[in-house]
Amino acid sequence: MAKQASARLADTVRTGLSVGEIKRDFLDNLRYIQARFPEVASSNDLYQALAYTVRDRLLERWVRAAQRYRETAARTVCYLSAEFLLGPHLGANLLSLGISGEVRAALDELGLSLDRLLAEEEEPGLGNGGLGRLAACYMESMATLAVPAIGYGIRYEFGIFDQAICDGWQVELTDKWLRYGNPWEIPRPTITFDVKFGGHTEGFVDDEGRYRVRWIPEREVRGMAYDTPIHGYRAASANLLRLWTAQAIESFDFQAFNVGDYYGAVDAKIRSETISKVLYPNDETALGKRLRLAQQYFFVSCSLRDMIRIHLQVPGKGIDSFHEKYAVQLNDTHPALSVAELMRLLVDEHLLPWEQAWEITRNTFCYTNHTLLPEALECWPLPLLKQVLPRHLEIIFEINHRFLNDVRMRYPGDERRIASVSLIDESGEKTVRMANLACVGSRAINGVAALHTELLKAHVLKDFHALWPERFSNKTNGVTPRRFLQLANPELCALISETLGEGWVTHMERLRGLEQHASDTGFQARWRAIKRSNKARLADYIREHAGIELDSDWIFDVQVKRIHEYKRQHLSALHIVSLYQRLKQDPRLEFPPRVFIFGGKAAPGYFMAKRIIKLINDIATVVNADKDVNQRLRVAFVPNFCVKVSEIIYPAADVSEQISTAGKEASGTGNMKFAMNGAVTIGTLDGANIEIRDQVGEENFFLFGLTADAVRTEKEKGYRPRDVYDANPTLKAAIDLIASGHFCGGDRALYGGMIEGLMNHDPYMLFADFEAYARCHEDVGRAYLDTQRWSKMSILNVARIGMFSSDRAIREYCDEIWRVRPVIV
Ligand code: NBG
């Protein structure tokens, strides 16, 4: 009997899911990993002990999945991305394992609070915004759908900076997310690859008489793998996120040390480690920095060689079937060097003939484009590429030579076309166009929303579309409802489950069942009570972190996203100033009280974006302090918008601002997260807004502004913002008030440049859209006052948002691009 019990116990050590087992293992980890006992343990010790307890339960599934994938030699997705913006792991993993209740109870018994430990986690901010967060959502959905997948990226020692607001300005602080260690990752000191940089190449004839090329590098850097399990929701399996960290090959140069050069001895180590030191904090801008190129090549080379290593482990599998084993997705052009690197590996190291290597390469990669902004399209100067990757430049020339020959055959004499599709831009300083390299080297090319894909086909990639229309398709983005609805909005989820039963979170189309309750006043009242309690939670957060008092009965109108001129946070600022002026003039104006809430980081070198943050904060200071208006209008800037903070914000929004200039926002994903939490959108016909509106119904969406086509024709006609200013007294008054220095102690210079730019150029058409935007906000206010109408709109937004689950997106990628099937573990 005792023997049986102890066997049973041994079975469940590290895997048992009952309250007792979790409590026992938690105390065990506290003692044997943290070396602490409860009375002296810090909050962080307790968090770590809990994280290890949860991790153990994941690893069990992870190892089983890995075994199964190996046995079945399953076709595998490799998602190559320079960014993965994961957000905190603990809550997500508790949810996916389905043990939040047990863990809470176990901690309760010990007198500890789960919420306090959740708050301890430093989130891995290894991304800038939408692109990195999309990669994280897709990893989660692939795990949930049991699609074998490996995410490959960089383990930045410092992720996206922490933002503080001082005197209204953004201040950047280093993100030391690894400072207390990272319990979710498993270092793999035996999985390493040495990556070459610089030097030169030499041609030679090998023993068998073949012409070959040797790359003699200037230096080598070692890449070491760190693995993080990505668990699927209530799934038996887990996938792998493998991030590379850069190390020196010799950590200490004894020769230098022996001749007395102590600093020289550690110099190489520091230089090598720099590669994975820090994430470039630029969103939607490509700046041709050598270190960035090195980062891209570093992770691409390690990842491709790791894939080859794994593939060749399977008995009977040779390099020639590489493309049958993997579908490799290039998340934007950051990993586009993969095309040249795989050719190098196949030709120089695996000795395949060029033609066969090209067949394999072209059948391996798929490319997702994420932007139409010209300044975000990556181009590397030839001299830089030659210095850092001399062999790759040769390979790129060879690919280009063969490719342009084909194009010339199809379109003889069409030099415009040749120049446009060439991998080399020769119009100014010669550069390699990474988007062109990605297109030529991929069998599938996709945009991230319907309009975006159409614009790619019609403009940015028009000549590639003409060559290979069959390679193009649209894959509208999606977001994971686990993190952004279940974790973020548990009360709403409880109501939905009570109404529809469980299971909808992996079958989001079932939310349609809410439609029949949309007009039920009892249901509406419960719906509103939940929104109100989420608003109270956000109000607490804002009081604590921005020192601003908010009333949960007001309209919470929210714009959170990276700060960028094309996203037009300053259009909202102009509108707020005009409201402020109206309220000052007419204290009796009928006006539903509202707070405009902002959040988002600016790239540290983006002058205008930082000015926009300052402007919002300056307006907030004046408006919030003005007794004539502050009982009806307030403004709050939430510092340090990140995944963790976003989970408090989305559920609390009444209105979601998605107001980019039409034709500029590829998709947007915040728009989906808001609507999923019952916010009603005010937005332009841009990115996925269009599809969101189609889904939720035009009567449940506040539309304004020029279309992408109209923006184009206005500009062709010679758009003159100053004329709009002269003709619109409200706009004029708002601009003049800002220009007068009213919001910044009379300093007329501070916003002088911004105003000048708007008056004379206004490239993002704020003035052109201002009036429509202001009028649309009037409609929003009226609709909100009609409580039943508003509640119905909110419910219908959730009911009809199912298509924007990342599960749908991943299914489309699997069926239409990757040809990968789930493997049931
Ligand atoms: C961003 C777009 C967003 C889109 C995300 C994810 C880049 C380069 N692009 O509109 O601006 O939602 O990608 O696709 O960050």
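Predicted model, so just to flag it, every value in this text is computed and none were measured.

Q: Can you lay out the overall build of the chain for me, pointing to particular residues and giving the numbers?
A: The helix and strand tally for the chain stands at 34 helices and 24 strands. A compact globule built from 825 residues should have a C-alpha radius of gyration of about 28 Å, and the chain, at 28 Å, falls within 12% of that. Along the first, second and third principal axes, the C-alpha atoms of the chain reach 90 × 90 × 60 Å. Evaluated residue by residue, the chain yields a buried proportion of 60% over its 825 residues. A separation of at least 24 residues holds for 77% of the contacts in the chain among residues at least 6 apart in sequence. Here the chain displays about 32000 Å² of accessible surface, and carbon together with sulfur accounts for 51% of that area. The positive charge centre, built from 101 side chains, and the negative charge centre, built from 107, are 2 Å apart in the chain.

Q: So what about helix α12 (residues 338-349)? Which residues, and what values?
A: With eleven of twelve residues buried, α12 lies mostly within the body of the structure. If you check which residues of α12 are buried, you get S338, V339, A340, E341, L342, M343, R344, L345, L346, V347 and D348. Of the residues one or two after α12, L351 is the one with positive phi, at around 60°.

Q: Please provide a residue-by-residue account of the site of the ligand, values included.
A: Near the ligand there are 14 residues, and of these E284, H370, N477, E665 and G668 occur at the shortest range. Here an oxygen atom of the ligand and a side-chain polar atom of N477 are 2.9 Å apart. Protein contact buries 94% of the 380 Å² of open area that the ligand shows by itself. Grouping the constituent residues of the shell around the ligand by class yields five nonpolar, six polar and three charged.

Q: Now, about unusual backbone geometry: what can you tell me, with residues and values included?
A: Of note in the backbone geometry, A146 takes a positive phi value of approximately 60° without being a glycine. Summarising the element assignment, A146 is placed in the loop between α7 (130-144) and β4 (149-154).

Q: A description of the layout of surface pockets should follow, citing residues and the corresponding values.
A: Within this model, the second largest pocket holds a volume of roughly 690 Å³. In this structure, the second largest pocket is lined by 26 residues; those nearest its centre are A66, I150, L240, R242 and I310. Mapped onto the lining of the second largest pocket, the elements with two or more residues apiece are α3 (43-72), β4, β7 (186-197), β11 (238-247) and α10 (290-313). Counting residues per element, the lining of the second largest pocket draws most heavily on α3, at eight residues. Residues of the lining of the second largest pocket, tallied by class, amount to 16 nonpolar, four polar and six charged.

Q: So what's going on with the pattern of salt bridges? Residues and values would help.
A: Enumeration over the complete set of coordinates arrives at 58 salt bridges. Of the charged contacts in the structure, one is a salt bridge between R57 and D25, with a shortest N-O distance of 2.5 Å. Highlighted residues: R57 in helix α3 and D25 in helix α2 (residues 19-32), separated in sequence by 32 residues. The exposure classification of R57 matches that of D25, with both residues buried.

Q: Tell me about helix α18 (residues 450-460), and please be specific about residues and values.
A: Because the α-helix completes a turn every 3.6 residues, residues three or four places apart line up on one side. Every buried residue of α18 is accounted for by L451, H452, T453, L455 and L456. Tucked into the core, α18 has its buried residues touching β17 (442-447), α19 (462-467), β18 (472-474) and α27 (689-696).

Q: Kindly report on empty space enclosed by the protein, identifying the contributing residues and their values.
A: Leftover empty space is mapped by rolling, across the atoms, a probe with the size of a water molecule. Under the definition given, this model contains five cavities of 30 Å³ or more. Of the volumes computed, that of the largest cavity is approximately 240 Å³. As for the largest cavity, its lining consists of 18 residues, and the residues nearest its centre are A92, E140, I230, H231 and R483. Elements supplying a minimum of two residues to the lining of the largest cavity: α4 (90-97), α7, β10 (219-231) and α20 (481-487). Considered as a void within the structure, the second largest cavity measures approximately 130 Å³ in volume. Taken together, 15 residues form the lining of the second largest cavity, with Y47, E122, W177, G181 and P183 sitting closest to its centre.

Q: How would you explain the state of the cysteines if you had to name every residue and give the values?
A: Such a bond, covalent and formed between the sulfur atoms of two cysteines, is termed a disulfide. According to the stated counting rule, one finds zero disulfides in the structure shown. Of the cysteine sulfurs around C166, a residue in no disulfide, the closest is that of C642, at 17 Å. Take C166: its relative accessible area is 41%, and that puts it in the partly exposed class. The thiol sulfur of C379 is not disulfide-bonded, and the nearest other cysteine sulfur, from C439, lies at 12 Å. On the basis of relative accessible area, C379 is assigned to the partly exposed category, the value being 33%.

Q: Explain the sheet that holds β7 residue by residue, including any values.
A: Each strand in a sheet pairs with its neighbour through backbone hydrogen bonds, running either in the same direction (parallel) or in the opposite one (antiparallel). Spatial strand order, β7-β10-β11-β4-β1-β12-β13-β17-β18: nine strands in an open sheet with mixed pairing. Looking along the sheet, the strands with just one partner apiece sit at the ends: β7 and β18. Adjacent strand axes in the sheet meet at a mean angle of 25° when their direction is disregarded. In terms of strand pairing, strand β13 (residues 365-368) meets β17 through four bridges, oriented parallel. The residue of β17 that forms the bridge with Y367 is I445.

Q: Quick rundown of the side chain of T53? Include the residues and the values.
A: Its location among the elements puts T53 in helix α3. Within the local environment of T53, its side chain forms a polar contact with the backbone oxygen of A49, the two atoms lying 2.6 Å apart. When neighbours within four sequence positions are excluded, T53 is seen to be in contact with I22, D25, F26 and N29.

Q: Pulling in residues and values, what's your account of the sheet that holds strand β16 (residues 431-433)?
A: One open sheet holds the three strands; their spatial order is β14-β16-β15, and the pairing between them is antiparallel. Two strands lie at the open edges of the sheet, namely β14 (379-381) and β15 (424-425), each paired on one side alone. Two elements, β15 and β16, share two bridges in a ladder whose sense is antiparallel. Across the sheet, I424 pairs through a bridge with V432, a residue of β16.

Q: Can you lay out the packing of helix α32 (residues 766-785) against helix α33 (residues 787-799) for me, pointing to particular residues and giving the numbers?
A: The packing of two helices is summarised by the inter-axis angle and the distance between the axes. Contact pair α32 / α33: the axes reach a minimum separation of 5 Å and the direction vectors enclose 105°. Relative to α33, α32 is oriented roughly perpendicular. Here V780, A783, Y784 and L785 of α32 lie close against α33, whose contacting residues are T787, R789, W790 and M793. Residue composition of the contact of α32 with α33, by class: six nonpolar, one polar and one charged.

Q: Any chance you could break down the pairing of β4 for me, citing the residues and the numbers?
A: Counting buried positions along β4 yields six of six residues, so the element is predominantly enclosed. Taking every second residue as pointing to the same face, both faces of β4 are buried, with A149, G151 and G153 on one and I150, Y152 and I154 on the other. As paired strands, strand β1 (residues 76-80) and β4 are joined by four bridges and run parallel to one another. Counterpart to C78 in the pairing with β4 is I150. With five bridges joining them, β4 and β11 adopt parallel strand pairing. Paired with G151 across the strands is L241, a residue of β11.

Q: Go over the environment of L796 with me, naming the residues and quoting the values.
A: Mapped onto the elements of the fold, L796 is located in helix α33. Here L796 falls in the buried class, since its relative accessible area comes to 5%. With 489 residues separating them in the primary sequence, L796 and M307 have C-alpha atoms 45 Å apart. Excluding anything up to four places from it in sequence, L796 contacts E515, A518 and N700.

Rules and cut-offs
- Residues numbered from 1 in each chain as written.
- Predicted model: local features only at pLDDT ≥ 70, side-chain atom pairs only at ≥ 80, totals over all residues.
- Heavy atoms only, no water.
- Helix = DSSP H or I, 4+ residues; strand = E, 2+ residues; numbered from the N terminus.
- Rg over C-alpha atoms; globule rule 2.2 N^0.38 Å.
- Buried < 20%, exposed > 50% of the residue type's maximum accessible area, 1.4 Å probe, protein only.
- Contact = heavy atoms within 4.5 Å.
- Areas by Shrake-Rupley, 256 points an atom, 1.4 Å probe, with all protein chains shown as cover.
- Lys, Arg positive; Asp, Glu negative; His and termini not counted.
- Charge placed at Lys NZ, Arg CZ, Asp CG, Glu CD.
- Near = heavy atom within 4 Å.
- Polar contact = N/O pair within 3.5 Å; in protein donor to acceptor, adjacent residues only side chain to side chain.
- Nonpolar A, V, L, I, M, F, W, Y, C, P; charged D, E, K, R; others polar.
- 1 Å grid on protein atoms, 1.4 Å probe; cavity = no way out; pocket = protein on both sides within 12 Å on 5 of 7 lines; lining within 4 Å.
- Points joined across faces, edges and corners; volume = space filled by probe spheres on them.
- Salt bridge = Lys/Arg side-chain N within 4 Å of Asp/Glu carboxyl O.
- Disulfide = S-S within 2.5 Å.
- Pairing = 2+ DSSP bridges.
- Axes fitted to C-alpha atoms, helices over the stretch in contact; angles between N-to-C directions.
- Parallel < 35°, antiparallel > 145°, perpendicular 65-115°, else oblique.

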